[in-house]
Amino acid sequence: MNHIKLKLRSHYRKIRSELTTEQVDEFSIKIVNHCLELNLWNKSIYHLFMSSEQNNEIDTSLLLSILQGKDKQTVIPKVLDDNELEHYLLADQTPIKMSRWGIPEPQSGIKINSDQIDVVFVPLLIFDLQGHRIGYGKGYYDRFLAK
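The following paragraphs examine the structure supplied in this document.

Thresholds applied
- Residues numbered from 1 in each chain as written.
- Predicted model: local features only at pLDDT ≥ 70, side-chain atom pairs only at ≥ 80, totals over all residues.
- Heavy atoms only, no water.
- Helix = DSSP H or I, 4+ residues; strand = E, 2+ residues; numbered from the N terminus.
- Buried < 20%, exposed > 50% of the residue type's maximum accessible area, 1.4 Å probe, protein only.
- Contact = heavy atoms within 4.5 Å.
- Salt bridge = Lys/Arg side-chain N within 4 Å of Asp/Glu carboxyl O.
- Core = buried A, V, L, I, M, F, W, Y, C linked by side-chain atoms within 4.5 Å.

As a further point, take the side chain of Thr-60. With respect to the helices and strands, Thr-60 occurs in the loop between β1 (45-48) and α3 (61-69). In this structure Thr-60 comes out as buried when scored by relative accessible area, which is 2%. Excluding residues within four positions of it along the chain, Thr-60 makes contact with Leu-48, Phe-49, Met-50 and Ser-51.

Should the charged atoms of two oppositely charged side chains come close, the side chains can pair. Using the criterion set out here, one finds six salt bridges in the structure. Residues Glu-26 and Lys-30 are paired through a salt bridge, measuring 3.5 Å at the closest nitrogen-oxygen approach. One end of the pair, Glu-26, and the other, Lys-30, are both in helix α2 (residues 21-37), four residues apart, so they sit about a helical turn from each other. Relative accessible area serves as the criterion here: at 43%, Glu-26 is assigned to the partly exposed category. A salt bridge links Asp-142 to Arg-133; its shortest N-O distance comes to 3.2 Å. Overall, Asp-142 belongs to the partly exposed group, its relative accessible area being 49%. What emerges from the salt-bridge pattern is a single network uniting Glu-84, Arg-143 and Lys-147.

Inside soluble globular proteins, nonpolar side chains tend to come together where they are buried. If you look at the biggest cluster of nonpolar residues, it comprises 12 residues: Val-32, Cys-35, Leu-40, Trp-41, Tyr-46, Leu-48, Leu-63, Leu-64, Ile-66, Leu-67, Val-119 and Phe-121. Elements that contribute at least two residues to this core include exactly α2, β1, α3 and β6 (119-121). The dominant element in this core, judged by the number of residues it contributes, is α3, at four residues. Ignoring anything within four residues of it in the chain, the contact list for Phe-121 reads Cys-35, Leu-40, Trp-41, Tyr-46, His-47, Leu-48, Phe-49, Leu-63, Leu-67 and Tyr-141.

Geometric descriptors of this kind do not, in isolation, establish any biological role.
So, in structure tokens, the structure goes:
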């Protein structure tokens, strides 16, 4: 199975790397519009991954704007050295710094336990119709979601 995942990762990383800025913007809007149709907006605390432009990821700032407009509490992750995620409430005063992977991360602030989070927007490369996902291979979200 790992060999298949490696091939899929490689294939879809290549496809994603070839997307234009316009395509990423268009797909970002489509994804956000689809999220608006989901029955998940009656919750309180939402975990949102921050986009990596160097990986041509969708623009999650659009989702962030919607969450803020709906007065939802938004939590963003920080990668720890032990390959775990720490979660911080995003506030106006939350200091943000680019990680070595080009991902905006909180440097300090109000920590939120993973069991307090109601909804998680998860980064991925691909998924199937059963909802199985393949991410970037580090397992951060697999470990987080397992909790």
